[in-house]
Amino acid sequence: MSEDETRPKRALITGAARGLGEGIARRLARDGWSLLMTDADPAIQQTAAAIIDELGLDSERVIAAEHDVASAEVTEAVVSMGVDRFGGLDLAVANAGIGGVEVDLVDLEVADFEDIVNVNYRGVFLTCKYAGKIMREQGSGNIITVSSIFGQEPYPRVASYSGSKAAVIAMTLAFALEMAPHNVRVNTIAPGYMATEMQWAGLRQRAAHARISFGEEVQRVWDLVPLGRHGTPEEMGALVAFLASDEAAYITGVTLGLAGGVVRR
């Protein structure tokens, strides 16, 4: 058995302090991956420590770093740190994202628009760029971006969010064609209504705008979803684990929905 077959696989996960990113990290850690977890929130250190403690892992297997994904310099340094620590990179999950304020486009502040684009689109670009360079040189790797069903069918009062996620989908699919000759697979996951703090914040804004209770807004969402509930970070982790596995070796350049039956074109 070769050294490559015995060593843990190595992953970078952005936006991993909570929510979907934390769910991805927990699943991959349980599956034996070495992880570099990053987030702009200093709480990333506590999240990584909790995963190490709960799963009884070697502290060298899971490391954490504060990371402004919109900074080219910081993102390049973070990717280099992961490669230096683990000797390479098998998977990069460009998960970091923000929801932003929910408001009609004409009332959206320019600064709020720029925040959404910087994190949701520029941040994904930079993660793909620097992780992709390493994987192209290796001749192997897997990149997964996180978009949204609202990037496939835009939603009112979140036009800038929808636009940023549509851009991620288009960029990811083009990037997949560029990287295929280098044995690097690139896909995007488009979650729907997921049980995260970012989702609850959005539903509170929508409830206030509609002058209904938070509970009523949650029920409205459940009525929209054929499976009748929110998805979970654990289910996001399971999908990433599949896409990163050899069982998905012939899947690249696709958008996979995780939306409980909500269909977007």
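The sections below set out a description of the structure shown in this document. If you're wondering where the values come from, they're calculated on a predicted model, not measured in any experiment. (Residues numbered from 1 in each chain as written. Predicted model: local features only at pLDDT ≥ 70, side-chain atom pairs only at ≥ 80, totals over all residues. Heavy atoms only, no water.)

1. Notes on the environment of Val-106
With respect to the helices, strands and loops of the structure, Val-106 is situated in the loop between strand 4 (91–94) and helix 5 (110–138). Counting along the chain gives 51 residues from Val-106 to Arg-157, while the straight-line C-alpha distance between them is 9.7 Å. (Helix = DSSP H or I, 4+ residues; strand = E, 2+ residues; numbered from the N terminus.)

2. Some remarks on the side chain of Thr-172
Structurally, the position occupied by Thr-172 is in helix 6 (residues 159–179). Residue class for Thr-172 comes out buried when judged on its relative accessible area of 1%. Here the side chain of Thr-172 touches Thr-145 through a polar contact of 2.8 Å, side chain to side chain. (Buried < 20%, exposed > 50% of the residue type's maximum accessible area, 1.4 Å probe, protein only. Polar contact = N/O pair within 3.5 Å; in protein donor to acceptor, adjacent residues only side chain to side chain.)

3. A few points about the packing of helix 7 (residues 197–210) against helix 8 (residues 214–224)
The relative placement of two packed helices comes down to the angle between their axes together with the axis-to-axis distance. One can describe the packing of helix 7 onto helix 8 by two numbers: an axis separation of 9 Å at closest approach and a directional angle of 110°. By the angle between their directions, the pair helix 7 and helix 8 is classed as roughly perpendicular. Every residue of helix 8 that contacts helix 7 at Trp-200, Leu-203, Arg-204, Arg-206 and Ala-207 is listed here: Phe-214, Glu-217, Val-218, Arg-220 and Val-221. Each residue belonging to the contact of helix 7 with helix 8 can be placed in one class, and the counts come to 6 nonpolar, no polar and 4 charged. (Axes fitted to C-alpha atoms, helices over the stretch in contact; angles between N-to-C directions. Parallel < 35°, antiparallel > 145°, perpendicular 65-115°, else oblique. Contact = heavy atoms within 4.5 Å. Nonpolar A, V, L, I, M, F, W, Y, C, P; charged D, E, K, R; others polar.)

4. Some thoughts on a negative patch on the surface
Together, Asp-107, Glu-109, Asp-112, Glu-114 and Asp-115 give the surface a local cluster of negative charge. The topology assignment puts Asp-115 in helix 5. (Patch = residues over 30% accessible without salt bridge, like charges linked within 9 Å, V, L, I, M, F, W, Y side chains within 5 Å. Areas by Shrake-Rupley, 256 points an atom, 1.4 Å probe, with all protein chains shown as cover. Salt bridge = Lys/Arg side-chain N within 4 Å of Asp/Glu carboxyl O. Lys, Arg positive; Asp, Glu negative; His and termini not counted. Charge placed at Lys NZ, Arg CZ, Asp CG, Glu CD.)

5. Thoughts on the sheet that holds strand 7 (residues 255–258)
Paired through backbone hydrogen bonds, the strands of a sheet run either parallel or antiparallel to each other. Overall, parallel pairing links the 7 strands, which are arranged 3-2-1-4-5-6-7 in an open sheet. Both outer strands of the open sheet, strand 3 (62–66) and strand 7, are each paired with one neighbouring strand and no more. On average, each strand axis in the sheet is tilted by 15° relative to the strand beside it, whichever way the strands run. Pairing of strand 1 (residues 10–13) with strand 2 (residues 34–39) involves 4 bridges; the strand directions are parallel. (Pairing = 2+ DSSP bridges.)

6. Observations regarding the nonpolar core
In terms of nonpolar packing, the biggest core is built from 33 residues, with Leu-28, Leu-35, Met-37 and Leu-91 touching the most fellow members. Every element with two or more residues in this core is listed here: strand 1, helix 2 (19–30), strand 2, helix 3 (44–55), strand 3, strand 4, strand 5 (141–146) and helix 9 (233–243). Here Leu-35 is in contact with Ala-11, Ile-13, Ala-25, Leu-28, Ala-29, Arg-61, Val-62, Ile-63 and Phe-86, once residues within four sequence places are set aside. (Core = buried A, V, L, I, M, F, W, Y, C linked by side-chain atoms within 4.5 Å.)

7. Some details on the packing of aromatic side chains
Taken as a whole and judged by the stated rule, the model has 3 aromatic pairs. Aromatic pair Trp-200 and Phe-214: ring centres 6.2 Å apart, planes at 85°, arrangement edge-to-face. Remark: Phe-214 occurs in helix 8 and Trp-200 occurs in helix 7; sequence separation between them is 14 residues. In this arrangement the basic side chain of Lys-129 is found over the ring face of Tyr-130, its NZ or CZ atom lying 5.5 Å from the centre. When the ring centre of Phe-214 is taken as reference, the NZ or CZ atom of Arg-204 above it lies at 5.1 Å. (Phe/Tyr/Trp six-rings, centres within 6.5 Å; stacked < 30°, edge-to-face > 60°. Lys NZ or Arg CZ within 6 Å of the ring centre and 35° of its normal.)

8. Brief notes about helix 3
Taking 1.5 Å per residue as the helical rise, helix 3 with its 12 residues ought to reach 16 Å, and the 17 Å between its terminal C-alpha atoms agrees with that figure. Here helix 3 has its buried residues at Ile-44, Thr-47, Ala-48, Ile-51 and Ile-52. For helix 3, the buried positions fall inside an angular range of 135° around the axis, keeping them on one side. Exposed positions of helix 3 whose direction lies more than 90 degrees from the buried face are Gln-46, Asp-53 and Glu-54. Residue Gly-56 follows helix 3 closely and has a positive phi angle near 65°. (Expected span 1.5 Å × (residues − 1). Arc of directions from axis to C-beta.)

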